[in-house]
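Commentary on secondary and tertiary structure
Each chain, written out:
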Amino acid sequence: RIAEVYQLECQKFAVSKWLVSLLQERYQSQYVTYVPNAIDHEEFFSERRKKPTRVTIGFVYSPEPIKGSEVALEALRLVQKKYPSVQVVSYGFGRMPKHAKLLKCHRHVILPSLSEIRTIYQRASCWLTSSRSEGFGLPGLEANACGCPLVSTSCGGPSDYLDDGVNGFMVPVDDPQAMAMAIGRVIDMSPDQWEQMSQASVEIATSRSWQQAAACFEAGAYESLCRGIKAGDSV
């Protein structure tokens, strides 16, 4: 049923380039408009940051298999084995199960407010996205805006705002060892290297706005309207 909907001959809007290509290639959708997702820059922002003296790695915990949280947990276990002083912070909708509470110095926040989420991002040294598939992955862009370098799986949407080696690192899906190595690269950066990556994160995030998204949506809607009028005239 989902495939049948995607194959309907109507205008479609997608928030990431990966979704655009998915609709075009897998579902043969002809009319797809890219509407780049954005964030509220009054909610998520950062002054120029210096490399934190104490390393804190953050991620969003979800029990949903598609989010791959167990991959992040295993990667962080490997990281703490090599860097015992590393702290971990996570947030999510509910409590973490017992098997997930194996990390040292790990704080989990349930349903934080927007200001609390912003503070978590602003204090983190690195933010993780461990998803197996992600249409966009908004927390990664929010962390970017707060000056936080990223480590993400190559799960789709994050490729819109993660430039490998510039504002973070991309790793294969379901590979905690690769994720741990990428986190280690962020940890081992010199202060200057980390600060360059942090600033690149901010610049990538601030290049996206809701005004830009609205303009893209309006252009797609107008294109669809003109196509409908043209088809009606030819009948």
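Provided above is the structure to which this section pertains.
When a protein is soluble and globular, its nonpolar side chains tend to lie buried together. In this structure, Ile57, Phe59, Leu76, Leu128, Val151 and Ile183 are the most contacted members of the largest nonpolar core, which totals 30 residues. Elements supplying a minimum of two residues to this core: β3 (56–60), α3 (69–82), β6 (126–129), β8 (168–171), α6 (176–187) and α7 (191–206). Tallying contributions element by element places α6 first for this core, with seven residues. In this structure, leucine 76 is in contact with Ile57, Phe59, Val88, Leu103, Leu128 and Ile183, ignoring residues within four places of it in sequence. By size, the runner-up hydrophobic cluster in this structure holds 20 residues, among which are Ile39, Val109, Phe136 and Leu141.

With that settled, the discussion passes to the side chain of glutamate 134. Mapped onto the elements, glutamate 134 comes out in the loop between β6 and α5 (138–145). Polar side-chain contacts of glutamate 134 include one of 3.0 Å to the side chain of lysine 67. Only 2.5 Å separates the side chain of glutamate 134 from the side chain of serine 131, close enough to count as a polar contact. Beyond its immediate chain neighbours, meaning those up to four positions away, glutamate 134 contacts Trp18, Lys67, Cys155, Gly156, Gly157 and Pro158.

This next bit is on the environment of threonine 119. Inspection of the secondary structure assignment puts threonine 119 in helix α4 (residues 114–123). Sequence-wise, threonine 119 and arginine 95 are 24 residues apart; in three dimensions their C-alpha atoms are separated by 20 Å.

Right, let's get into the packing of α3 against α6. The interhelical angle for the contact between α3 and α6, taken along N-to-C directions, is 55°, at an axis separation of 8 Å. Regarding the angle of α3 to α6, the classification is oblique. Taken as a pair, α3 and α6 cross one another with a handedness that is right-handed. In this structure, α3 contributes Val71, Ala72, Glu74, Ala75, Leu76, Leu78 and Val79 to the contact, and α6 contributes Pro176, Gln177, Met179, Ala180, Ile183 and Ile187. In the contact of α3 with α6, the residues fall into 11 nonpolar, one polar and one charged.

Turning to the packing of aromatic side chains, a few remarks are in order. Scanning the entire structure with this criterion turns up seven aromatic pairs. Between tyrosine 91 and tyrosine 121, the aromatic rings sit 6.3 Å apart at their centres with planes inclined by 70°, giving edge-to-face as the arrangement. One end of the pair, tyrosine 91, is in strand β4 (residues 87–92); the other, tyrosine 121, is in helix α4, with 30 residues separating them in the sequence. We classify tyrosine 91 as buried; its relative accessible area is 9%. Owing to a relative accessible area of 0%, tyrosine 121 belongs among the buried residues under this scheme. Ring centres 4.8 Å apart and planes at 80° place the aromatic pair tyrosine 121 and tryptophan 127 in the edge-to-face group. Judged by its relative accessible area of 1%, tryptophan 127 falls in the buried class. Members of the aromatic cluster, joined through ring pairs, are Phe44, Tyr91, Tyr121 and Trp127. Seen from the ring of tyrosine 31, arginine 227 lies directly overhead, with NZ or CZ sitting 3.5 Å from the centre.

Conventions used here
- As a convention, each chain's residues are numbered from 1 in the sequence order in which they are written.
- Local features are withheld for residues below a pLDDT of 70 in this predicted model, meaning they are given only at 70 or higher, and side-chain atom pairs are given and counted only at 80 or more; totals for whole chains, interfaces and linings count all residues.
- The side-chain values count all of the structure's non-hydrogen atoms but skip hydrogen atoms and water molecules.
- Among buried residues, the Ala, Val, Leu, Ile, Met, Phe, Trp, Tyr and Cys ones that are joined through side-chain atoms within 4.5 Å form a nonpolar core.
- Note on classification: 1.4 Å probe, protein chains only; a residue is buried when its accessible area is under 20% of the maximum for its type, exposed when over 50%, partly exposed between these limits.
- By the criteria applied, helices consist of DSSP H or I runs no shorter than four residues and strands consist of E runs no shorter than two, each listed in order from the N terminus.
- Contacts are assigned to residue pairs that have any heavy atoms within 4.5 Å of one another.
- Counted as a polar contact is a pair of N or O atoms within 3.5 Å, where, for protein atoms, one must be capable of donating a hydrogen and the other of accepting one, and residues adjacent in sequence contribute only when both atoms are in side chains.
- Axis definition: a line fit to C-alpha positions, over the contact stretch in the case of helices; interaxial angles, taken between N-to-C directions, run 0 to 180 degrees.
- Note on angle classes: values under 35 degrees are labelled roughly parallel, values over 145 roughly antiparallel, values of 65 to 115 roughly perpendicular, and the remainder oblique.
- Throughout, a crossing is termed right-handed when the near helix is turned clockwise from the far one, and left-handed when it is turned anticlockwise from it by less than a right angle.
- The nonpolar class holds Ala, Val, Leu, Ile, Met, Phe, Trp, Tyr, Cys and Pro. Asp, Glu, Lys and Arg form the charged class, and all remaining residues, Gly among them, are polar.
- Ring geometry is summarised as follows: Phe, Tyr and Trp rings, the Trp one being its six-membered ring, pair when their centres sit within 6.5 Å, and such pairs are stacked at plane angles under 30 degrees, edge-to-face over 60 and tilted between the two.
- Put simply, a charge is over a ring when the Lys NZ or the Arg CZ is close to the ring centre, within 6 Å, and near the line of the ring normal, within 35 degrees.

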